[in-house]
Amino acid sequence: AEVRPVTAEDDAASVFPDATPSPDGERNPYPGLAAFTEADAENFFGREAEVAALWRRITSRRLLAVIGPSGVGKTSLLRAGVAPRAPPGWRVVVFTPGEAPALSLARALAPDHAGDPAAMARLLGFSDAETALAVVARWRGMFDEAVLVVDQFEELFTLNPPEVQASFIGLLRRLVDAADIRVVLAIRDDYLYRCQHHEEIAPIFRELMPLPPPKAEGLRQALKEPAARRLYRFESELLVDRIVGEVEGERGALPMMAFAVHRLWEERDRGGLVITRASYEELGGVEGALAKHADKVVEGLAPDQLAAARQLLMRLVTDSGTRRVVPRSALVEGLGADAEEVLDRLIHFRAVLVRKGTEGADAELELVHESLITRWDRLARWLDESREELVFLAEVGQAAELWEKRGRRTEEVWQKEALDDAVRAMKRCQAAVPERVRAFLEAGVALKQRRAQRRRVIQGIVAGVVLFICVVGMVVALAIR
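In this convention, every chain numbers its residues from 1, walking through the sequence in written order. Reporting of local features is limited, given that this is a predicted model, to residues whose pLDDT is at least 70; pairs of side-chain atoms are given and counted only at 80 or more, and all residues count toward the totals for whole chains, interfaces and linings. Note that water and hydrogens are dropped before the side-chain values are worked out from all heavy atoms of the structure.

Asks: I'd like to hear about the pairing of strand β4 (residues 182-188), residue by residue, with values.
Replies: Of all seven residues in β4, seven are buried, a share of seventy percent or more. Neither face of β4 is left uncovered, since the one carrying Arg182, Val184, Ala186 and Arg188 and the one carrying Val183, Leu185 and Ile187 both have all their residues buried. When DSSP locates at least two bridges between a pair of strands, those strands are taken to pair. Helix and strand assignments follow DSSP, with helices taken as H or I runs no shorter than four residues and strands as E runs no shorter than two, numbered in order from the N terminus. Of the pairings in the sheet, the one linking strand β1 (residues 63-68) to β4 comprises six bridges and is parallel in character. In the strand pairing of β4, Leu64 is matched with Val184. The cut-offs for exposure are 20% and 50% of the maximum accessible area for each residue type, with area from a 1.4 Å probe on protein chains only; residues under the lower value are buried, those over the upper are exposed, and the others partly exposed.

Structure follows, in structure tokens:
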């Protein structure tokens, strides 16, 4: 029931699945584009000061926020830096909201209730706030202190309607006040303003912890220490300086560097225990590694498959330029027979990650990292060409989802100018329109047609009555004359 992205440790295939496993079976200490997890704690370096500072705040406050730009390393800091360094008797659980934040929280707590069927059954009732509060309060009693870390908190705003946002934020505040839970929100800085509309989490504005990109010295540690622990070294300090120089100051500095060094580790000189400059040159540097890998993912696809890849990748990006978590069935809907095969390729090459859910649940998918949205020229071009379509599909898609959840009520379909604009946009849309969206707009058109037909009938009746009155009037006038 644990929810987490698939990482390089899950199987022999890594972010670069064409790389052969080490003959000695040694695990790659660099996670590539995937974030560091709890399992990578021994390889996580360069953020020691930030980890210590955040723990000082956690131990003295019950509601605070970590903010920073996309790709700065918030997830890695929390999962590989903060969670493994919890004081004795403390429990830290990290989860992301996704499109069902209450269910995501329930899944994150499930491992601590393994072997307790009654508790597992109660987790299924997390949609009810009182049930959720009772379950979390009971969970809290299992430890000296308990910390819930809501990673990628912006997903609450980008993937959920307003009523879900308000409900989940209200639940978090109740967990702080009534269940004695410590809550840490990790959110992109450009979404922080959305929090000001919710009074329940207003205290975070007094306890913000900005997380800047790692500085050069921190990057050097993150680059050298994992190799040094395995008795490897970089060929020269000039090579280290060059790698650090290519990413220093970038928003996604740490994952970009780890992505390149992941491949360098596979090409290391095992005999001399050296990571060589020649391998780095052949790779094309950090940006070259990212672009080459992304292009390799779609390399050799037939035209129809390439079109399917474009649609799949665009569905994994929100109209605001962030990653979207999408169930597999919704992702391939309406894209034809090629979509499943292409999606399997994207997953195999780690361009797309699978989130593990409960048994039998529809798998949830997302891009391996947001840096692909801006760093991969092909995807950036596709998004730029389809910007209006993305905005349209996002807006009408959210309305269609809410309409479907509420039982497809006729009175909740779009009407008048909104409907006309949406229908015109759908006709122009080159992207495959999800069936839910199509049904939503067709229901609006059908309602419009029924109302138009009723108006015509009423107008006909009125016209008949008027004609009748006129005839009667003429007869009466003639009789009088």
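Structure shown, so let's carry the discussion forward.
Asks: Describe the sheet that holds β4, listing the residues and the values that go with them.
Replies: Here five strands make up an open sheet; going across it, the order is β2-β3-β4-β1-β5 and the pairing parallel. Of all strands in the sheet, those bounded by a partner on one side alone are β2 (90-95) and β5 (208-210). Going from strand to strand, the sheet's axes swing by 20 degrees on average, the running direction of each strand aside. In this sheet, strand β3 (residues 145-150) lies alongside β2 in parallel orientation, the contact comprising six bridges. Paired with Trp90 across the bridge in β3 is Glu145. Its contacts with the sheet place helix α3 (residues 101-109) against β2 and β3, and it is angled at close to 135 degrees to β2. Contacts between residues were defined by any pair of non-hydrogen atoms, one from each residue, lying within 4.5 Å. Axis definition: a line fit to C-alpha positions, over the contact stretch in the case of helices; interaxial angles, taken between N-to-C directions, run 0 to 180 degrees. Across the sheet, helix α7 (residues 162-177) lies against β2, β3 and β4, angled at about 145 degrees from β4, the strand it touches most.

Asks: Tell me about the packing of aromatic side chains, and please be specific about residues and values.
Replies: For Phe, Tyr and Trp, where Trp contributes only its six-membered ring, two rings pair if their centres lie within 6.5 Å, and the inter-plane angle classes them as stacked under 30 degrees, edge-to-face over 60, or tilted in between. Tallied over the entire structure, the rule returns seven aromatic pairs. Judged by centre distance (5.3 Å) and plane angle (65 degrees), the ring pair of Phe36 and Phe44 falls under edge-to-face. The class of Phe36 is buried, set by a relative accessible area of 6%. Of the residues examined, Phe44 reaches a relative accessible area of 4% and is grouped as buried.

Asks: Describe the side chain of His113, listing the residues and the values that go with them.
Replies: Considering the arrangement of structural elements, one finds His113 in the loop between α3 and α4 (117-123). With residues near it in sequence (within four places) discarded, His113 still touches Ala119, Met120, Leu123, Val135, Arg138 and Trp139.

Asks: Please set out the pattern of salt bridges residue by residue, giving values where relevant.
Replies: By salt bridge we mean one thing: a side-chain nitrogen of Lys or Arg within 4 Å of a carboxyl oxygen of Asp or Glu. The tally for this structure, following the rule as stated, stands at 23 salt bridges. The shortest N-O distance in the salt bridge between Arg220 and Asp241 comes to 2.3 Å. Highlighted residues: Arg220 in helix α8 (residues 216-228) and Asp241 in helix α9 (residues 237-247), separated in sequence by 21 residues. Note on Arg220: relative accessible area 17%, which makes it buried.

Asks: Which residues make up helix α13 (residues 303-315), and what values do they have?
Replies: One turn of the α-helix equals 3.6 residues, which is why residues spaced by three or four share an orientation. For a helix, the expected span equals 1.5 Å multiplied by the number of residues minus one. In a regular helix each residue adds 1.5 Å, so 13 residues correspond to 18 Å; α13 covers 19 Å between its end C-alpha atoms and thus fits that length. Listed in full, the buried residues belonging to α13 are Gln305, Ala308, Ala309, Gln311, Leu312, Leu313, Met314 and Arg315.

Asks: Break down unusual backbone geometry for me, citing the residues and quoting the values.
Replies: Its identity is not glycine, yet Leu231 carries a phi of approximately 70 degrees, on the positive side. Not every positive phi belongs to a glycine, and Leu273 is a case in point at roughly 55 degrees. Following the sequence through the fold, Leu273 ends up in the loop between α10 (253-266) and β7 (274-275). Given a relative accessible area of 32%, Leu273 falls into the partly exposed group.

Geometric descriptors of this kind do not, in isolation, establish any biological role.
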